[in-house]
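A look at the structure
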Amino acid sequence: MRFFFVLFSLVLVAPAFALAGGDVKYPRQENWAFDGVLGKFDRPSIQRGLQVYREVCAACHGVKRVAFRSLTDVGFSEAEVKSLAAEYTVLDGPDDSGEMFDRPGRPSDRFPAPYPNEQAARAAQGGAYPLDLSLIVKARADGANYVYSLLTGYHDAPEGITVPQGMYYNPYFVGGLIAMAPPLKDGAVEYQDGTASTADQMARDVVNFLQWAAEPEMETRKRMGVRVMIFLLIMTGFFYVAKKRIWSKVE
Amino acid sequence: MSHDSSSPDSERRDFIILTAQAMGALGAAAVIWPFVNSMNPSADVLALSSTEVDISPIAPGQEIKVMWRGKPVFIRHRTPEDIAAAEAVSLTELRDPQTDAERVKKGKEQWLVMVGVCTHLGCIPLGNLAGDYRGWFCPCHGSHYDTAGRIRKGPAPTNLVVPPFEFLSDTKVKIG
Amino acid sequence: MAHAPKEQQPGVVGWLDYRLPIFGTLKGALVDYPVPKNLNYFWNFGSIAGVCLVIQILTGILLAMHYNPSVAGAFNSVEHIMRNVNYGWLLRYMHAVGASMFFIVVYIHMFRGLYYGSYKAPREVLWWLGVLILVLMMATAFMGYVLPWGQMSFWGATVITNLFSAFPLVGDPIVTWLWGGFAVDNPTLNRFFVLHYLLPFLIVGVVFLHLIALHAHGSNNPLGIDAKAPKDKIPFHPYYTVKDFFGFGLFFLVFAAFIFFAPNYLGHPDNYIEANPLVTPAHIVPEWYFLPFYAILRAFVFDIPFWALAALPFAYAGYLAQKINKAREFTLENLFGAMQWGRAKEAAGRVQSLLASLGAGGFLVLLGLIGFVIEAKLAGVLAMFGAIVVLLFLPWLDTSPVRSASFRPLYRWFFWLFALNAVALGFLGSMPAEGIYVVFALICTGIYFAFFLVVMPLLSRYEKPLQLPESISAAVLAH
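Sequence order as written defines residue numbering, which begins from 1 separately in each chain. Chains and ligands are labelled sequentially in the order written, the chains with letters from A and the ligands with numbers from 1. Residue-level local features of this predicted model are given only where pLDDT is at least 70; pairs of side-chain atoms are given and counted only at 80 or more, and the full residue set underlies all totals for whole chains, interfaces and linings. The side-chain figures draw on all heavy atoms in the structure; neither hydrogens nor water molecules are used.

Moving on, we get to the environment of K65(B). With respect to the helices and strands, the residue K65(B) is situated in strand β2 (residues 63-68). Sequence separation between K65(B) and V113(B) is 48 residues; the distance between their C-alpha atoms is 9.7 Å. Only DSSP runs of H or I with at least four residues qualify as helices, and only runs of E with at least two residues qualify as strands; both kinds are numbered from the N terminus onward.

This next bit is on the state of the cysteines. By convention in this document, the label disulfide applies to cysteine sulfur atom pairs within 2.5 Å. What the rule picks out here adds up to one disulfide over all chains. There is a disulfide in this structure between C123(B) and C140(B), and the S-S distance comes to 2.1 Å. Of note, the bridge from C123(B) to C140(B) carries an S-S torsion of about -95° and is left-handed in sense. Taken together, the residues C123(B) in the loop between β4 (111-115) and β5 (126-130) and C140(B) in the loop between β6 (135-138) and β7 (143-145) connect sequence positions 17 residues apart. The class for C123(B) is partly exposed, based on a relative accessible area of 24%. Burial classes: relative accessible area under 20% of the type maximum marks a residue as buried, over 50% as exposed, and values in between as partly exposed (1.4 Å probe, protein chains only). Here C140(B) falls in the partly exposed class, since its relative accessible area comes to 39%. We note that C57(A) lacks a disulfide partner, and the nearest cysteine sulfur, in C60(A), lies 9.1 Å from it. Overall, C57(A) belongs to the buried group, its relative accessible area being 15%.

All right, on to the sheet that holds strand β10 (residues 172-175) of chain B then. Residue and element names in this part refer to chain B. Note on pairing: DSSP must find at least two bridges between two strands before they are called paired. The strand order β1-β10-β9 describes an open sheet built from three strands, whose pairing is antiparallel. Both outer strands of the open sheet, β1 (51-54) and β9 (165-167), are each paired with one neighbouring strand and no more. Each strand axis lies, on average, 25° off the axis of its neighbour in the sheet, ignoring direction. Pairing between β1 and β10: four bridges, direction antiparallel. Paired with E52 across the strands is K174, a residue of β10. What counts as an axis is a line fitted to C-alpha atoms, over the stretch in contact for a helix, and the angles between N-to-C directions run from 0 to 180 degrees.

For the rest of this paragraph, the subject is the side chain of S134(A). Along the polypeptide, S134(A) turns up in the loop between α4 (118-124) and α5 (143-152). Residue classification places S134(A) among the buried residues on the basis of a relative accessible area of 0%. A polar side-chain atom of S134(A) sits 2.4 Å from a polar atom in the side chain of D132(A). In contact with S134(A), not counting residues within four places along its chain, are G62(A), V63(A), K64(A), R65(A), A213(A), A214(A) and R83(C). Polar contacts here mean pairs of N or O atoms no more than 3.5 Å apart (in protein, one a potential hydrogen donor and the other a potential acceptor; neighbouring residues in sequence count only if both atoms are side-chain atoms). Two residues qualify as a contact provided that any one of their heavy atoms is within 4.5 Å of a heavy atom in the partner residue.

Once that is clear, we can look at the sheet that holds β2(B). Residues and elements named next belong to chain B. Read from one edge of the open sheet, three strands run β2-β3-β4, paired in antiparallel fashion. Only two strands of the sheet have a single partner each, and these edge strands are β2 and β4. In this sheet, neighbouring strand axes are inclined to one another by 20° on average, regardless of whether the strands run parallel or antiparallel. Note: strand β3 (residues 71-77) against β4, five bridges, orientation antiparallel. Note on β4: the bridge partner recorded for R76 is L112.

Listed as interface residues are 17 residues of chain B and, on the opposing side, 14 residues of chain A. When chain B packs against chain A, the two sides together hide about 1300 Å² of surface, and 77% of this comes from carbon and sulfur. Here a salt bridge means any side-chain nitrogen of Lys or Arg lying within 4 Å of a carboxyl oxygen belonging to Asp or Glu. On inspection of chain B and its partner chain A, the count reaches one salt bridge. In this structure, the salt-bridge partner of K82(A) is E52(B), at a minimum N-O distance of 3.4 Å. There are one residue pair in polar contact (both at pLDDT 80 or more) connecting chain B and chain A. As used here, buried area is the combined drop in accessible area, with a 1.4 Å probe, of two parts when they are placed together.

This part takes up unusual backbone geometry. The amide bond that connects A121(C) to the next residue, P122(C), takes the cis arrangement and shows omega of 0°. Its location among the elements puts P122(C) in the loop between α5 (88-116) and α6 (124-146). The linkage connecting H237(C) with the following residue, P238(C), adopts the cis geometry, with an omega of 5°. Located in the positive-phi region is R134(B), a residue other than glycine, with phi close to 55°. Counting through the fold element by element, R134(B) comes out in the loop between β5 and β6. What makes R134(B) exposed here is its relative accessible area of 51%. In this model, W149(C) sits at a positive phi of 55°, which is unusual for a non-glycine residue.

Here is the structure:
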């Protein structure tokens, strides 16, 4: 079933890629823990991905829709969430003298963005806008595979393509030229659980984190879905038999 | 529905029909619950259901007002006179009998934490020794509360509500 | 329609029913109501559509309790629903997937009508009410898609509202009026929210009229012959109640599969990007159920000169001419006969119409030669609206006395061609309006209109249908 869904998605997605800019490659198809009817969150991976996000990506990208308190869903304790939140400064106010002030974050706060608004971000990034990543996995066709392919897909431009100063070649990005430098290098992050932090590993962990950030309800949804489908199959079966029995009397 | 209800065939048919209907009803009920529950407080509202307050800047005889769950909460640092006056009142005088001890935390009787909403019709009472009982006075319909926030005179039926609270430390109180 | 019983029946129900005969009416409509006994599963889709309407209204009301209809707050409020509201994600996905389900069910329901001739007398008004429901659904769905305020929401709204500027003179003021401003913005979003909430209740009203019209003469059936004899029919309860519930079960299985395992499959990823009036998406596409109409809209990349329009009155003149010639009605008397009011004879009317058509055609040719054209944009808009309006004329375009395609082998062939063509139009709507796609879109648009305007009238005249069975019971026994 999943194969057909993937095939269908590719069929529907293909034109977008074909027309978007000539040589955009289809994302590499990887296996993810969250794939399929029985998909689950790989929580250790998500925690590692959070660490990669905080140490590498958060310099430019925000995840402004993720609240600190929701991190308890990926295996952090309340105390850990509290102390993680407190590491951030959050703007609050006005106070009694009418001034805005900074205060340490609380679990009820959301991740603060690195730039106050899009214009400030563009000014700091030479005109390019580092997107907020809260929904990136849902905002791209085959999002998880796309993000993974993009992060691991940097290589030298092929013959005939000149890469302007400040841009980089990435065949998975629309147009082939992206303003983001390759963000992941082997060993860039030291994982607390001891996993080897190769660029590929970090990319996978970040994708797991971003998938959770975009769809925190996924596990509950799929679990509920399995139960609902089983119930409906049984109920429909009963109604089918009931229908046959009642109609056996007609003509 | 005309059929002879005696033959085993029709009994089996009835069972099937009955089960199908029961499952249908069960399914409908199971769908209704998420719908109804969606109107309950959402996760972000629940996250703000408790608030921590730093009480170190409040001197004896001072009181502050903080917001909690959309309502004002009075936090008063009571003087020994306030406490003595509250403890001296006999329960028979009170419309809503409560001892002073029941309304504060043991060992921290100087801290009075109450929801600042008059139990009559919901206005915010004035503090700072207002009213005939040197506590709070509600200007809307003239309810007088004493130094423990208990109703003494006026139309309010019950004492000012003490919310669930605890001391995280000597200088920090968590309400809710 | 509803009559109080002559005598009050015992019990609370009897007391109430005597005063407000709702129980009696419902019993008459849903329990005792006689239905042809040979209906197949394509007759389930009407009740399934009703279930879809109820689901959309219930989930919609609950979503509206948390939604914020402002440019600053809309996208955030939808994410708030997804992340914070208890079961908010379930409500949102039910509503979004439910809209798609509603359309697919209604399209199948309509194709059933086309195949079995359910639009023919005496069910013309039933068919019209159905078309009205479809139009209201399309308006509701269009406005609903704007509410999340994603990139597709904003740009889809911009493109479609801009269409109305195609109309000469009144076009631009109408667009400004629709927008409440000079572009799609806060006023537009706010009024779309209000209207999106309102229209479904109008749909409920029209559905009631639709059911009343249905019950006037009862359901059609796969054989297309009237179910006259009592033994041709069975009571709605328990036969069709249990069959409908079985149908609901199958429907919910498909519905649930999408909601829980592929909730965004029928949507577009670009709508998870906040609307940006300064950035246009690479390809603006509406939701899948609008794609065929979108294809028709974009098929016209050329202006239509007025002299081409003259083909219509000339064709009608030709049709009249051969009729007049056959009956030798072209006399001076008929030419001037009906100048006097009240004494117009049918023949005179035909002769006068012939001259009027020739005159109109000639006038259009003249205008065309001067340079009057229908601009491509307007042509596309007219064609798109025309694609729905043409449905209203079905009972007069298809005048074959045989209803069901089961007995019309030629019509059946064209029907499946039409269905395939509709799918092709849908595919073309999702492609950019360039190159080979435009050519095919024009061909498929031609096939769409030809099916109604050319094939149906011709088949009514020249098709030799198969032998109809004596009655429903006879046909069923013959199996």
